[in-house]
Amino acid sequence: MIRIQHLSHEYPGVRALQDVSVRIEPQSITALVGPNGAGKTTLMRCLCGLERPLAGEIEVDGINVIEEPRRSHERIGYLADFFGVYENLSVAQCLEYAAAANGIRSGLAARVLETATSLGLADRLQQAAGTLSRGLRQRLAIAQAIIHGPQLLVLDEPAAGLDPEARHSLAALLRHLQASGMTLLVSSHILAELEEYATHMLIIDGGRIRDFRPLAPQLQSTRSLQLELAADAPDAMRLLAAQTGVAQLRQQGHALSFEFTGDFAAQAALLKTLVLAGVPVSALHPERVDLQQLYLDTLKTPGSPHES
Ligand code: ATP
């Protein structure tokens, strides 16, 4: 869905992006993370054809964004970090305006209703935008960004300022949009919640990509698993080590952690083997990755930037 190659961007006297290359698959949700001033907003604005880069190529759904920004806008929805809504217009009027601004002429009322319903705003259509809570205002802004049916949605810090409940509901909304076929790129400083919605994490620092990794277990070639034992089982380590696809086995008390290269069927077979061999398994689950720690470790590690 997104192909960025050797992208560099410069503001007067500031190199904001340096040789950024990345490919993002359709129907993924990529969390774009990095310290303040890392270049996240600049990358998003370049991707949406709102900044002209110094060098490089950007394609969205096969369209060259730099050469055909207007055509690419049909495929892209963008919500800036600081956005406003027309406070005195009703939710319906805000959506009609956004639709008209995106060139939608026919079927306007149906489109407004459909979008409002999908974002849980159907019962708010007549309410003035200025009277919405922060969470609902955020939903309205996202509705405005997707009313023209883009394939890609780019959200700059959408969770900023939302309370935990509204952030949780935003995560559910992002997953709903993904399930409806959309690809999402979302910048965030709230690492603890990324696993709730993101399939990938893209770490950027000093204008360079430092890491790009899948978060969803089904996208990883290796999964970190943890086996919990209900009692001492002296043979468990030896038995587990002998299984296909098991590596980097380590034990801490009754918890055995390991890397596993098999698919979910292989994981089920592994569990069956252990249970039939009499190992007292109380649980087998993905090992919890501390994204905050992973992020800090990545930024601390000096070294070559990520190549994609
Ligand atoms: P934050 O997390 O604070 O929003 P960011 O990762 O989005 O930061 P950018 O806003 O893309 O980072 O900024 C990248 C670099 O470019 C920073 O050094 C910033 O000061 C600089 N910069 C951004 N916009 C401009 C501008 N319009 N003119 C000059 N420099 C700019």
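Residue numbers restart at each chain and count upward from 1, following the sequence in its written direction. The predicted nature of this model means local features are confined to residues of pLDDT at least 70 and side-chain atom pairs, given and counted, to a pLDDT of 80 or more, with totals for whole chains, interfaces and linings taken over all residues. Side-chain metrics rest on all non-hydrogen atoms present in the structure, leaving aside hydrogens and water.

**Quick notes on empty space enclosed by the protein**
- Definitions used for this entry: grid spacing 1 Å over protein atoms alone; cavity, a set of points where a 1.4 Å probe fits but cannot get out; pocket, an open set with protein on both sides within 12 Å along at least 5 of 7 lines; lining residue, one with an atom within 4 Å of a point. Grid points are joined across faces, edges and corners, and a volume is the space filled by probe spheres set on the points. If you walk through the whole model with that rule in mind, you get two cavities of 30 Å³ or more.
- Taken as a whole, the largest cavity spans an internal volume of roughly 70 Å³.
- Along its surface, the largest cavity is lined by Pro 158, Ala 159, Arg 167, Leu 170, Ala 171, Leu 174, Ser 188, Ile 190, Glu 193, Glu 196 and Tyr 197.
- For the lining of the largest cavity, the secondary-structure elements that each account for two or more residues are helix 6 (164-179) and helix 7 (194-197).
- As a working rule, the residues Ala, Val, Leu, Ile, Met, Phe, Trp, Tyr, Cys and Pro are called nonpolar, Asp, Glu, Lys and Arg charged, and the rest polar, with Gly in that last group. The residue inventory of the lining of the largest cavity, partitioned by class, reads seven nonpolar, one polar and three charged.
- Taken together, Ile 2, Ile 4, Val 22, Ile 24, Leu 43, Leu 47, Leu 185 and Leu 202 make up the lining of the second largest cavity.
- Those elements that provide at least two residues to the lining of the second largest cavity are strand 1 (2-11), strand 2 (14-24) and helix 1 (40-47).
- Among the residues making up the lining of the second largest cavity, the classes are represented as eight nonpolar, no polar and no charged. For the purposes of this entry, the term helix denotes a DSSP run of H or I that reaches at least four residues, the term strand denotes a run of E that reaches at least two, and both are numbered from the N terminus.

**Looking at the domain arrangement of the chain**
- These domain boundaries are the output of an automatic or database domain assignment. Each domain of the chain was delimited in the assignment, giving domain 1 (2-86 + 143-215) and domain 2 (218-286).
- Placing a centre on the C-alpha atoms of domain 1 and another on those of domain 2 gives a separation of 37 Å.

**Re the packing of helix 3 (residues 91-101) against helix 5 (residues 134-146)**
- Interhelical geometry of helix 3 versus helix 5 gives an angle of 30° and a closest axis separation of 8 Å. By the criterion of interaxial angle, the relationship of helix 3 to helix 5 is roughly parallel. Crossing hand, helix 3 versus helix 5: right-handed. Contact residues: helix 3 offers Val 91, Cys 94, Leu 95 and Ala 98, while helix 5 offers Leu 140, Ala 143 and Gln 144.
- Looking at the contact of helix 3 with helix 5, its residues break down into six nonpolar, one polar and no charged. Axis geometry follows a simple rule: fit a line to the C-alpha atoms, using only the stretch in contact for helices, then measure angles between N-to-C directions, giving values from 0 to 180 degrees. By definition in this entry, angles of less than 35 degrees are roughly parallel, angles greater than 145 are roughly antiparallel, angles of 65 to 115 are roughly perpendicular, and the rest are oblique. In this scheme the crossing of two helices becomes right-handed for a clockwise turn of the near helix relative to the far one and left-handed for an anticlockwise turn of less than a right angle. Whether two residues touch is decided by their heavy atoms; if any such pair falls within 4.5 Å, the residues are in contact.

**Focus: the pairing of strand 11 (residues 223-229)**
- The classification of residues rests on relative accessible area computed with a 1.4 Å probe and restricted to protein chains. Under 20% of the type maximum is buried, over 50% is exposed, and intermediate values are partly exposed. For strand 11, the buried fraction is high: five of the seven residues fall into the buried class.
- Two strands pair under a simple rule: DSSP has to find at least two bridges between them. Both strand 11 and strand 13 (residues 255-260) contribute to a ladder of six bridges, which runs antiparallel. Pairing of Leu 227 across the sheet is with Leu 256, part of strand 13.
- Note that strand 11 and strand 14 (residues 281-286) share five bridges and pair antiparallel. Bridge assignment links Leu 229 to a residue of strand 14, and that residue is Val 281.

**Some words on the packing of aromatic side chains**
- Any pair of Phe, Tyr and Trp rings, taking the six-membered ring for Trp, is counted once the centres come within 6.5 Å. Such a pair is stacked with planes under 30 degrees apart, edge-to-face with planes over 60 apart, and tilted for the rest. Applying the stated criterion across every chain, the model contains two aromatic pairs.
- Measuring from ring centre to ring centre gives 5.5 Å for Tyr 86 and Tyr 97, while their planes differ by 85°; the resulting arrangement is edge-to-face. With Tyr 86 in the loop between strand 6 (76-79) and helix 3 and Tyr 97 in helix 3, this residue pair connects regions lying 11 residues apart in the sequence.
- Ring geometry for Phe 258 and Phe 260: centres 6.3 Å apart, planes at 80°, overall edge-to-face. In terms of burial, Phe 258 and Phe 260 fall into one category: buried.
- Over the aromatic face of Phe 264 sits the side chain of Arg 223, whose NZ or CZ is 4.3 Å from the ring centroid. A ring is scored as having a charge over it whenever the NZ atom of a lysine or the CZ atom of an arginine sits within 6 Å of its centre and within 35 degrees of its normal.

**Remarks on the site of the ligand**
- As a structural note, the neighbourhood of the ligand is formed by Tyr 11, Val 14, Ala 16, Pro 35, Asn 36, Gly 37, Ala 38, Gly 39, Lys 40, Thr 41, Thr 42 and His 189.
- Contacts to the ligand include Asn 36, whose side-chain N or O atom sits 2.9 Å from an oxygen atom.
- Residue burial considers only the protein chains on display, and all accessible areas are found by Shrake-Rupley using a 1.4 Å probe. Within the complex, the protein chains bury 60% of what would otherwise be the 630 Å² of accessible surface of the ligand.
- Broken down by secondary-structure element, the contributors of at least two residues to the shell around the ligand are strand 2 and helix 1.
- Ranked by residue count, the leading element in the shell around the ligand is helix 1, at three residues.
- Partitioning the shell around the ligand into residue classes produces five nonpolar, six polar and one charged. Nearness of a residue to a molecule or strand requires only that one of the residue's heavy atoms be within 4 Å of it. Polar contacts, as used here, are pairs of N or O atoms within 3.5 Å; protein pairs need one atom able to donate a hydrogen and one able to accept it. Residues neighboring in sequence count only if both atoms are side-chain atoms.

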